[in-house]
Amino acid sequence: MINRVLIRTKVVQNLYSYMLTKPDRSLSTALKDLESSLAKTYELYHYLLRLPVELTHIQEMRLDEARNKYMPTEEDLNPNMKFAGNRLVAVLAGNEQLRQFADEHTVTWNDDPILERLLLDKILKSELYQEYMADEDDSMTGDCLLWQQLMKQVIVPDENMADAIEQRSLYWTEDDVDMTVQFVNKTLRRLADGAEDAVLPMYKDEEDSQFGRELFTATVSLMPENNALIDELVLSSRWDKNRIVLMDRIIMCAALAEVRTFDKIPTAVTLNEYIELAKNFSTPASGKFVNGILNNAVNRLLKDGTIFKR
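Caption draft 1: Representation of helix H12 (residues 246-261) within the structure. Here H12 spans 22 Å end to end across 16 residues, near enough to the 22 Å set by a 1.5 Å rise per residue. Most of H12 is tucked away: 13 of the 16 residues are buried.

Caption draft 2: Focus on a negative patch on the surface. A cluster of acidic residues, Glu127, Glu131, Asp135, Glu136 and Asp137, forms a negative patch at the surface. Its location among the elements puts Glu131 in helix H7 (residues 127-134).

Caption draft 3: Spatial organisation of helix H2 (residues 27-67). Over its 41 residues, H2 extends 60 Å from the first C-alpha to the last, a length consistent with the 60 Å expected when each residue adds 1.5 Å. Along its length, H2 reaches its greatest deviation from straightness, about 30°, at Arg50, and the proline Pro52 lies no more than four positions downstream.

Caption draft 4: View of the packing of H12 against helix H14 (residues 286-304). The contact between H12 and H14 brings their axes to 10 Å, and the two run at 35°. As for how H12 packs across H14, the hand of that crossing is right-handed. The segment H12 lies against H14, with Asp248, Ile251, Met252, Ala255, Leu256 and Arg260 engaging Ser286, Phe289, Val290, Ile293, Leu294, Ala297 and Leu301. Considering only residue class, the contact of H12 with H14 consists of ten nonpolar, one polar and two charged.

Caption draft 5: Spotlight on the pattern of salt bridges. Per the stated rule, a full pass over the model turns up 23 salt bridges. Between Arg260 and Glu225 there is a salt bridge; the shortest N-O distance is 3.2 Å. With Arg260 in helix H12 and Glu225 in helix H11 (residues 206-236), this residue pair connects regions lying 35 residues apart in the sequence. Its relative accessible area of 23% is what places Arg260 among the partly exposed residues. Because the salt bridges share partners, they merge into one network encompassing Arg4, Glu207, Asp208 and Lys264.

Caption draft 6: Representation of a nonpolar patch on the surface. A cluster of nonpolar residues, Tyr16, Leu20 and Leu246, forms a patch on the protein surface that exposes about 250 Å² of accessible area. Mapping Leu246 onto the fold places it in helix H12. For Leu246, a relative accessible area of 30% gives the class partly exposed.

Caption draft 7: Up close: the packing of aromatic side chains. The final tally for this structure, using the stated rule, is eight aromatic pairs. Judged by centre distance (5.3 Å) and plane angle (75°), the ring pair of Tyr47 and Trp109 falls under edge-to-face. Of this pair, Tyr47 sits in helix H2 while Trp109 sits in the loop between helix H5 (96-105) and helix H6 (113-125), and the two are 62 residues apart along the sequence. As far as burial versus exposure is concerned, Tyr47 and Trp109 are alike and both buried. Among the aromatic residues, those joined into a ring-pair cluster are Tyr42, Tyr45 and Phe101. Positioned above the aromatic ring of Phe211, the side-chain terminus of Arg4 is 4.4 Å from the ring centre.

Caption draft 8: The arrangement of the environment of Val11 in detail. Turning to its location among the elements, Val11 is positioned in helix H1 (residues 4-21). Measuring from C-alpha to C-alpha, the distance between Val11 and Leu48 comes to 23 Å, with 37 residues separating the pair along the chain.

Caption draft 9: Here's a closer look at the packing of H1 against H12. Taken N-terminus to C-terminus, the directions of H1 and H12 make an angle of 125°; their axes are 10 Å apart at the nearest point. The pairing of H1 with H12 is recorded here as oblique in orientation. When you trace H1 past H12, the crossing you get is right-handed. Of the residues in H12, those in contact with Arg8, Val12, Leu15, Tyr16, Met19 and Leu20 of H1 are Leu246, Met247, Ile250, Ile251, Ala254 and Glu258. Among the residues forming the contact of H1 with H12, the class breakdown is ten nonpolar, no polar and two charged.

The rules behind these values
- Residues numbered from 1 in each chain as written.
- Predicted model: local features only at pLDDT ≥ 70, side-chain atom pairs only at ≥ 80, totals over all residues.
- Heavy atoms only, no water.
- Helix = DSSP H or I, 4+ residues; strand = E, 2+ residues; numbered from the N terminus.
- Expected span 1.5 Å × (residues − 1).
- Buried < 20%, exposed > 50% of the residue type's maximum accessible area, 1.4 Å probe, protein only.
- Patch = residues over 30% accessible without salt bridge, like charges linked within 9 Å, V, L, I, M, F, W, Y side chains within 5 Å.
- Areas by Shrake-Rupley, 256 points an atom, 1.4 Å probe, with all protein chains shown as cover.
- Salt bridge = Lys/Arg side-chain N within 4 Å of Asp/Glu carboxyl O.
- Lys, Arg positive; Asp, Glu negative; His and termini not counted.
- Charge placed at Lys NZ, Arg CZ, Asp CG, Glu CD.
- Bend = angle between axes of the 7 residues up to and from the residue.
- Axes fitted to C-alpha atoms, helices over the stretch in contact; angles between N-to-C directions.
- Left-handed = near helix turned anticlockwise from the far one by under 90°.
- Contact = heavy atoms within 4.5 Å.
- Nonpolar A, V, L, I, M, F, W, Y, C, P; charged D, E, K, R; others polar.
- Phe/Tyr/Trp six-rings, centres within 6.5 Å; stacked < 30°, edge-to-face > 60°.
- Lys NZ or Arg CZ within 6 Å of the ring centre and 35° of its normal.
- Parallel < 35°, antiparallel > 145°, perpendicular 65-115°, else oblique.

Pasting the structure below:
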């Protein structure tokens, strides 16, 4: 679930924090913080997958209370059970892997009943819900599509949800949520299709699990010489090296460390990823600036024989 795009983002964010807090923060502490931020992102994935189960359970309790009130109406006694009986939610609730993770890490929204009530009310008032309940199609495909759409259009954009996510973990940013929702919806589709490995592991393989730690360490280790190369190229381009923002410098150092350390990753892939990071996390001019300096730096490293891949 945690791919290299996300890992690079977390490495850059943690490098920025590390550079601001040196020498009060050791490298080992920074690496632990990096691992914690990645683990928290995987936890967010499970939190979002847990939400349909708990919201549906609340709706089931509401319907049961309506049936048992003093003077129930015909609708109270014979409610439309399509939402409460959503097949995908039943699969989510019965998935042992999800249940075990939730138990071990205390993944639940039940400690915030106000949020759950507000979210459920918003869902029940949404056009998505109304159209779903009125649709004669009663299939797993329709059940899955409902929750995919609710997640993207109703739940995640909700201000109360955004506040709750922010309060639960300092590691969860808006970018984490946006990327995690993509994996959540992928998982919902796989569960609907009956895939046995529908729940995504934290990392694809051992190599990915070590990538963040190795990249962070390499960036710090190679920072003096990479900074020297950046300064040289900036001066030759008639830029003032003292005007380079810290985030741009960190992004370029991480990119050059990756180019020099990870032989299996094509240079073009590395440069494209970090140029995008510069566009997303730094100044409006950073994408073009980082692009120019990194391409010149790679050409220099190739010419010097420091690297051999293109």
